[in-house]
Amino acid sequence: MAAERVMVGMSGGVDSSVCAALLINMGYDVSGVTLRLYDGEDYNAGLTKTCCSLSDVEDAKAVCARLSVPHYVFNFKEAFQKEVIDRFVNEYICGGTPNPCIECNRHIKFDAMLKRAEILGFDKIATGHYAVVKQDENGRFLLCRAADKSKDQTYVLYSMTQEQLSRTLFPLGSLTKSQVRGIAEENGFVNAKKPDSQDICFVPDGDYAAFIERFTGEKSKPGSFVDGNGNILGCHKGIIRYTVGQRKGLGIALGKPVFVTEKNPLTNEVVLGDEEALFRKKVLVNNTNFIPFDTLKNEMRVTAKLRYRHTEQPAVIYPAENGNVIIEFDKPQRAPSPGQAAVFYDGDIVVGGGTIIN
């Protein structure tokens, strides 16, 4: 019986390289593929660190050569701009704080790449994400946390469907990062000591506002800082330069610490207030996806996290109108930000998640 064919998404980093090596050892017929998603010179001219660089492609190619497996490069730039960059820019302009990694996983890695793999006759795809896929007693696929909780990436994978989970392998889910680097060194990979990427891939300097202005060709318009009653406090430099919860870098002195509590793109106002105004006990989310079941029909006890680095907190989720979900935390949580993802857990199992509305 022929081995299952697996297309491994290879970014040029150590995680995806070790992913390919492990799958070969498991007996899979492996091919590596690097996705060209973005050319830094398009909007990031002059920045030294950019996404999808030639060196990343060469690193992936070198690893595949060492493993004696084919390596391909697919151009997904058009899809990436439409589904990830355009959404990111539009969400920021509309006052939100999006997470483009979630959209990249939703639309590119586990949709476009999976469809390409199917066309080319591959049985499954694999990535170097730290996560685990299991099946319950009814055969339903579950997304579970990785063994290395400090590297767990299930937060950005909550939107995966049953079809996607059934055809995806995450071989790093049972390993720690140090073990992964050890395997890379044992195999003599050129990228064994390559540092992990930290920033959004198409904003390598972390300056989201400057990227958006370069991308749109328009300067963000100044507007008013206001208090919770609408009283004007000063002038801001453009709504895209601020995030909910921000205190530093506001450029305004009011004699006491103040924080961004809200952004109103319709009036181009940034609302400032005391830190207490940031806390919410109830959070509303839309665009929900659930994994152990199709829809949330009754209230459910979970833990929930509102940002990638947020420690999840005890809460109850229950269905609202139009498929939306209300999260009611046991204790008020600081600065839930529209556009960010809220993800729900039952122990190590990902229940699902959605996009924060308010």
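Before reading on, note that the structure itself is shown above.
Conventions used here
Residues numbered from 1 in each chain as written. Predicted model: local features only at pLDDT ≥ 70, side-chain atom pairs only at ≥ 80, totals over all residues. Heavy atoms only, no water. Helix = DSSP H or I, 4+ residues; strand = E, 2+ residues; numbered from the N terminus. Contact = heavy atoms within 4.5 Å. Core = buried A, V, L, I, M, F, W, Y, C linked by side-chain atoms within 4.5 Å. Buried < 20%, exposed > 50% of the residue type's maximum accessible area, 1.4 Å probe, protein only. Axes fitted to C-alpha atoms, helices over the stretch in contact; angles between N-to-C directions. Parallel < 35°, antiparallel > 145°, perpendicular 65-115°, else oblique. Left-handed = near helix turned anticlockwise from the far one by under 90°. Pairing = 2+ DSSP bridges. Right-handed = clockwise from strand over helix to strand, strands pointing away. Nonpolar A, V, L, I, M, F, W, Y, C, P; charged D, E, K, R; others polar. Bend = angle between axes of the 7 residues up to and from the residue. Phe/Tyr/Trp six-rings, centres within 6.5 Å; stacked < 30°, edge-to-face > 60°. Lys NZ or Arg CZ within 6 Å of the ring centre and 35° of its normal.

Draft legend 1. The arrangement of the environment of Asp348 in detail. Position of Asp348 relative to the elements: it lies in the loop between strand S16 (341-346) and strand S17 (349-356). Sequence separation of Asp348 and Val244 is 104 residues, and the distance between their C-alpha atoms is 29 Å. The contacts of Asp348, once residues within four sequence positions are left out, are Leu143, Cys144, Arg145 and Lys149.

Draft legend 2. Spotlight on the nonpolar core. Within the largest apolar cluster, 53 residues are counted, with the highest numbers of intra-cluster contacts made by Phe80, Phe202 and Phe211. Residue assignment for this core shows that the elements contributing at least two residues are strand S2 (29-36), helix H3 (77-93), helix H4 (100-119), strand S6 (141-144), helix H7 (208-216), strand S11 (269-273) and S16. The greatest single-element share of this core, amounting to 7 residues, is contributed by H4.

Draft legend 3. Focus on the packing of H3 against H4. Packing of H3 against H4 brings their axes to within 9 Å, and their N-to-C directions diverge by 150 degrees. On the basis of their axis angle, the class for H3 and H4 is roughly antiparallel. Read as a crossing pair, H3 and H4 show a hand that is right-handed. Contact residues: Ala79, Phe80, Glu83, Val84, Arg87 and Phe88 in H3; Pro100, Glu103, Cys104, His107 and Ile108 in H4.

Draft legend 4. Up close: the pairing of S2. In terms of burial, S2 is a largely internal element, 6 of the 8 residues being buried. Pairing geometry for strand S1 (residues 5-9) and S2, over 5 bridges, is parallel. Each bridged residue has a counterpart across the sheet, and for Val6 the counterpart in S2 is Val30. After leaving S1, the chain enters helix H1 (residues 14-25) and then returns to the sheet as S2, a path that is right-handed.

Draft legend 5. View of the sheet that holds S1. One open sheet accounts for 5 strands, arranged S3-S2-S1-S4-S7; its pairing is parallel. The outermost strands of the open sheet, each flanked by one partner alone, are strand S3 (71-75) and strand S7 (168-169). Together, S1, S2, strand S4 (124-126) and S7 form the strand contacts of H1, whose direction differs from that of S1 by roughly 165 degrees. The strands touched by helix H2 (residues 54-67) are S2 and S3; relative to S3, the strand with the most contacts, the crossing angle is about 150 degrees.

Draft legend 6. Expanded view of the sheet that holds strand S9 (residues 232-236). Strand order in the open sheet formed by 4 strands is S9-S8-S11-S10, with mixed pairing between adjacent strands. Looking along the sheet, the strands with just one partner apiece sit at the ends: S9 and strand S10 (259-264). Strand-to-strand, the axes of this sheet are offset by a mean angle of 30 degrees, without reference to chain direction. In this structure, S10 lies alongside S11, joined through 5 bridges in antiparallel fashion. Of the residues in S11, the one forming a bridge with Phe259 is Gly273.

Draft legend 7. Representation of the environment of Arg309 within the structure. Along the polypeptide, Arg309 turns up in the loop between strand S13 (300-305) and strand S14 (313-319). As a C-alpha pair, Arg309 and Cys94 span 215 residues in sequence and 24 Å in three-dimensional space.

Draft legend 8. Main features of the packing of H3 against H7. Two elements in contact, H3 and H7, have axes separated by 11 Å at closest approach and are oriented at 115 degrees. If you check the angle between H3 and H7, you find them roughly perpendicular. Considering the relative orientation of H3 and H7, their crossing is left-handed. From H3, Gln81, Ile85, Asp86, Phe88, Val89, Tyr92 and Ile93 reach across to H7, where they touch Tyr208, Phe211, Ile212, Phe215 and Thr216. Residue composition of the contact of H3 with H7, by class: 9 nonpolar, 2 polar and 1 charged.

Draft legend 9. Examining H3 more closely. Largest kink in H3: about 30 degrees, centred on Asp86. Looking at the packing, one finds that the buried side of H3 touches H4 and H7. The first or second residue beyond H3 is Gly95, which carries a positive phi of 95 degrees.

Draft legend 10. Region of interest: the packing of aromatic side chains. In total, this model carries 14 aromatic pairs according to the counting rule given. Ring plane angle 25 degrees and centroid distance 5.8 Å describe the contact between Phe211 and Phe215, whose orientation is recorded as stacked. You can see Phe211 and its partner Phe215 sitting in helix H7, 4 residues apart, about one turn around the helix. Taking relative accessible area as the criterion, Phe211 reaches 0% and is therefore assigned buried. Clustering of aromatic rings is evident, with ring pairs tying together Tyr38, Phe80, Phe88, Tyr92, Phe202, Tyr208, Phe211 and Phe215. In this structure, Arg145 is placed above the aromatic ring of Tyr345, and the distance from its NZ or CZ to the ring centre is 4.2 Å. Between the NZ or CZ atom of Lys305 and the centre of the ring of Tyr308, over which it lies, the distance is 5.9 Å.

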